[in-house]
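Take a look at the letters that make up each chain.
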Amino acid sequence: MRNIAIFASGSGSNAENIVNHFKGGNIARVVLILSENEDAYVLERARKLNVTSIHFSLEELKNGKILSTLKYYSIDMIVLAGFLKLFPQSIIEAFPQKIVNIHPALLPKYGGKGMYGDRVHRAVIEAGESESGITIHYVNQNYDDGGIIFQARCSILSDDKPETLAQRVHQLEYEYFPKVIEKMLREGY
Ligand code: GAR
């Protein structure tokens, strides 16, 4: 049984989906949900799901406190699901190829600092793209920049708004993110 920690800054619907995917199985379990945003709904979800939740400061992310916590809970894999801050080098080095992020577009386009949530979908629509999708990738010291593990695509409809495209992209996230994490755990990283 492997131990997963999820970092999220907002709603946490992906976090909940991943918890439920592994619940009752013998491959992995989500043992920690962490957020730098004390008002993030993901912390409320964690309580309802009976997963240990931790609110931390950005100082604690950088000064080793969160790294110690991850070691204390014997974390094998770190999942960023709507986590909007840069990860520190110290944690990246301690978990080589074991930190994955999901991005709601087809990287390398429409990524980088400030590109999250509806901003991404608005930029994709305004650019006149015919398709968008999701990218699951390793995390490095830059925003949305590590090696790509998996992508899935969806069409953009002529009357799409950021909210409607977001819904379609979210469905792809719910379908594929847990499966990709499970495959990585089963087959090695
Ligand atoms: C997800 O769509 C995820 O791809 C995106 O934040 C959303 C979080 O939704 N991440 C980024 O934009 C990272 N740059 P959720 O809180 O409902 O899971």
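The structure presented is a predicted model; accordingly, all values stated were derived computationally and were not measured. (Residues numbered from 1 in each chain as written. Predicted model: local features only at pLDDT ≥ 70, side-chain atom pairs only at ≥ 80, totals over all residues. Heavy atoms only, no water.)

1. Quick notes on the side chain of Thr 135
Stage number 1. Summarising the element assignment, Thr 135 is placed in strand S6 (residues 131-138).
Stage number 2. Thr 135 gets classed as buried once you look at its relative accessible area, which sits at 0%.
Stage number 3. At 2.7 Å, the side chain of Thr 135 and the backbone oxygen of Ala 105 are in polar contact.
Stage number 4. A distance of 2.9 Å separates polar atoms of two side chains, one belonging to Thr 135 and the other to Gln 151.
Stage number 5. Setting aside residues up to four positions removed in sequence, Thr 135 forms contacts with Asn 101, Ile 102, His 103, Ala 105, Leu 106, Leu 107, Ile 148, Phe 150 and Gln 151. (Helix = DSSP H or I, 4+ residues; strand = E, 2+ residues; numbered from the N terminus. Buried < 20%, exposed > 50% of the residue type's maximum accessible area, 1.4 Å probe, protein only. Polar contact = N/O pair within 3.5 Å; in protein donor to acceptor, adjacent residues only side chain to side chain. Contact = heavy atoms within 4.5 Å.)

2. Side note on the site of the ligand
Stage number 1. Residues in contact with the ligand amount to 14 residues; listed here are only the nearest, Gly 12, Ser 13, Asn 14, His 103 and Glu 173.
Stage number 2. Contacts to the ligand include His 103, whose side-chain N or O atom sits 3.1 Å from a nitrogen atom.
Stage number 3. Measuring from an oxygen atom of the ligand, one finds a side-chain N or O atom of His 170 at 3.3 Å.
Stage number 4. Most atoms of the ligand, that is more than half of them, are within 2 Å of grid points of the largest pocket.
Stage number 5. Looking at the shell around the ligand, the elements with two or more residues in it are helix H1 (13-22), strand S5 (99-103) and helix H7 (162-187).
Stage number 6. Residues belonging to the shell around the ligand are distributed by class as follows: 4 nonpolar, 8 polar and 2 charged. (Near = heavy atom within 4 Å. 1 Å grid on protein atoms, 1.4 Å probe; cavity = no way out; pocket = protein on both sides within 12 Å on 5 of 7 lines; lining within 4 Å. Sits in = over half its atoms within 2 Å of the grid points. Nonpolar A, V, L, I, M, F, W, Y, C, P; charged D, E, K, R; others polar.)

3. What about the sheet that holds strand S7 (residues 148-155)?
Stage number 1. One open sheet accounts for 7 strands, arranged S3-S2-S1-S4-S5-S6-S7; its pairing is mixed. Every interior strand has two partners, whereas the edge strands, strand S3 (52-55) and S7, have only one. Ignoring which end each strand starts from, the neighbouring axes of this sheet average 20 degrees apart.
Stage number 2. On top of the sheet, H7 reaches strand S1 (2-7), strand S2 (28-35), strand S4 (77-80), S5, S6 and S7; it is set at about 150 degrees to S7, its chief contact. (Pairing = 2+ DSSP bridges. Axes fitted to C-alpha atoms, helices over the stretch in contact; angles between N-to-C directions.)

4. What about helix H4 (residues 65-72)?
Residues that lie three or four places apart on an α-helix share one face, since the helix turns once every 3.6 residues.
Stage number 1. Burial in H4 covers these residues: Ile 66, Leu 67, Thr 69 and Leu 70. Along the axis of H4, the buried residues cluster in a sector spanning 160 degrees; they form a single face. Away from its buried face, by an angle of more than 90 degrees, H4 presents the exposed residues Lys 71 and Tyr 72.
Stage number 2. Buried residues belonging to H4 abut S1, S2, S3, helix H3 (58-62), S4 and helix H5 (89-94).
Stage number 3. Of the residues one or two after H4, Ser 74 is the one with positive phi, at around 50 degrees. (Arc of directions from axis to C-beta.)

5. So, the packing of H1 against H7
Stage number 1. Where H1 meets H7, the closest approach of the two axes is 10 Å, and the angle between their N-to-C directions is 45 degrees. By the criterion of interaxial angle, the relationship of H1 to H7 is oblique. By crossing handedness, the relation of H1 to H7 is classed as right-handed. Contacts between H1 and H7 pair Ser 13, Asn 14, Asn 17, Ile 18, His 21 and Phe 22 from the former with His 170, Glu 173, Tyr 174, Phe 177, Pro 178, Ile 181, Glu 182 and Leu 185 from the latter.
Stage number 2. Its residues assigned to classes, the contact of H1 with H7 shows 7 nonpolar, 5 polar and 2 charged. (Parallel < 35°, antiparallel > 145°, perpendicular 65-115°, else oblique. Left-handed = near helix turned anticlockwise from the far one by under 90°.)

6. A short note on the pattern of salt bridges
Stage number 1. Applying the stated criterion to the full structure yields 8 salt bridges.
Stage number 2. Measuring nitrogen to oxygen at the nearest pair gives 3.5 Å for the salt bridge that ties Glu 60 to Lys 65.
Stage number 3. Across the pair Glu 187 and Lys 183 runs a salt bridge whose closest N-O atoms are separated by 3.3 Å. Of this pair, Glu 187 and Lys 183 are both found in helix H7, 4 residues apart, which corresponds to roughly one turn of the helix. (Salt bridge = Lys/Arg side-chain N within 4 Å of Asp/Glu carboxyl O.)

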